[in-house]
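Summary of structural features
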Amino acid sequence: LPVFAQESPTKVQRAAAQVPVLRSRMNDPDSFVLGRVFITMPDKHGDVTVCYEFRAHNAMGGYGRGLRALLSAKGNLRVFEPDPQYDFYYGYDKLPFKGGPCSAQYIDRDITADVKAALAEVK
């Protein structure tokens, strides 16, 4: 019998799979709170980026302005801290002379509820 390749995971499954990874990268993983999760419109190659907003206790034990992360189509997960002087996350929602991959103009839809539901199924 022929062996068929597994179906590639859905965007929601792909996004949900990285939440434990993000949580594990925090100084206090138990304080991790997932805010929102978005997917971007496909780029010229058809690739979609997953954008995360979350928070966790900082080194002082309190919650800061929050953190951002993006999961590239190639599977690279990058975490961003806010720029201390400005109201953006350089590399996430701001790049030189244009918006970053997760800026509002590139967002396709909010998948937060679906990701949280997928995470609840795992528990």
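Residues numbered from 1 in each chain as written. Predicted model: local features only at pLDDT ≥ 70, side-chain atom pairs only at ≥ 80, totals over all residues. Heavy atoms only, no water.

**Considerations on the environment of K11**
Tracing the backbone through its elements, the reader meets K11 in helix 1 (residues 11-24). The sequence separation of K11 and V115 amounts to 104 residues, and the corresponding C-alpha distance is 9.3 Å. Beyond its immediate sequence surroundings of up to four residues, K11 is in contact with I39, V48 and I111. (Helix = DSSP H or I, 4+ residues; strand = E, 2+ residues; numbered from the N terminus. Contact = heavy atoms within 4.5 Å.)

**A look at the side chain of T112**
Along the chain, T112 falls in helix 2 (residues 112-122). Only 2.6 Å separates the side chain of T112 from the side chain of D110, close enough to count as a polar contact. Residues in contact with T112, not counting those within four places in the same chain, are G35, R36 and V37. (Polar contact = N/O pair within 3.5 Å; in protein donor to acceptor, adjacent residues only side chain to side chain.)

**Observations concerning the pairing of strand 1 (residues 33-40)**
Bridge count for strand 1 against strand 2 (residues 50-55) is six bridges, and the pairing is antiparallel. Paired with I39 across the bridge in strand 2 is V50. When strand 1 meets strand 5 (residues 107-110), the two strands line up antiparallel, connected through three bridges. Residue I39 lies in a different strand from strand 5, and its bridge partner there is R109. (Pairing = 2+ DSSP bridges.)

**A closer look at the pattern of salt bridges**
In this structure the tally under the stated criterion is three salt bridges. R36 is the partner of E53 in a salt bridge, and the nearest nitrogen-oxygen pair spans 3.0 Å. Remark: R36 occurs in strand 1 and E53 occurs in strand 2; sequence separation between them is 17 residues. Its relative accessible area of 16% is what places E53 among the buried residues. (Salt bridge = Lys/Arg side-chain N within 4 Å of Asp/Glu carboxyl O. Buried < 20%, exposed > 50% of the residue type's maximum accessible area, 1.4 Å probe, protein only.)

**Details of the packing of aromatic side chains**
Enumeration over the complete set of coordinates arrives at three aromatic pairs. Ring plane angle 55° and centroid distance 5.9 Å describe the contact between F80 and Y92, whose orientation is recorded as tilted. On the criterion of sequence distance, the pair formed by F80 in strand 4 (residues 77-80) and Y92 in the loop between strand 4 and strand 5 is long-range, its members being 12 residues apart. Like Y92, F80 is buried. Taken together, F80, Y89 and Y92 form an aromatic cluster joined through their ring pairs. Lying across the ring of F88, K94 places its NZ or CZ 6.0 Å from the centre. (Phe/Tyr/Trp six-rings, centres within 6.5 Å; stacked < 30°, edge-to-face > 60°. Lys NZ or Arg CZ within 6 Å of the ring centre and 35° of its normal.)

**Focus on the layout of surface pockets**
Its volume calculated, the largest pocket comes out at about 450 Å³. Residue lining of the largest pocket: 20 residues in total, with T40, D43, D47, T49 and P101 positioned closest to the centre. Residues of the lining of the largest pocket, tallied by class, amount to seven nonpolar, eight polar and five charged. (1 Å grid on protein atoms, 1.4 Å probe; cavity = no way out; pocket = protein on both sides within 12 Å on 5 of 7 lines; lining within 4 Å. Points joined across faces, edges and corners; volume = space filled by probe spheres on them. Nonpolar A, V, L, I, M, F, W, Y, C, P; charged D, E, K, R; others polar.)

**Remarks on the sheet that holds strand 5**
Strand order in the open sheet made by the five strands is 4-3-2-1-5, with antiparallel pairing throughout. Every other strand in the sheet has two partners, leaving strand 4 and strand 5 as the edge strands with one partner each. Between one strand axis and the next, the sheet turns through 25° on average, direction left out of account. With respect to the sheet, helix 1 is in contact with strand 1, strand 2, strand 3 (67-71) and strand 4, its orientation differing from that of strand 2 by roughly 35°. Of the strands in this sheet, strand 1 and strand 5 touch helix 2, which is tilted by about 125° from strand 1. (Axes fitted to C-alpha atoms, helices over the stretch in contact; angles between N-to-C directions.)

Take it as geometry only, folks, not as evidence of what the structure does.
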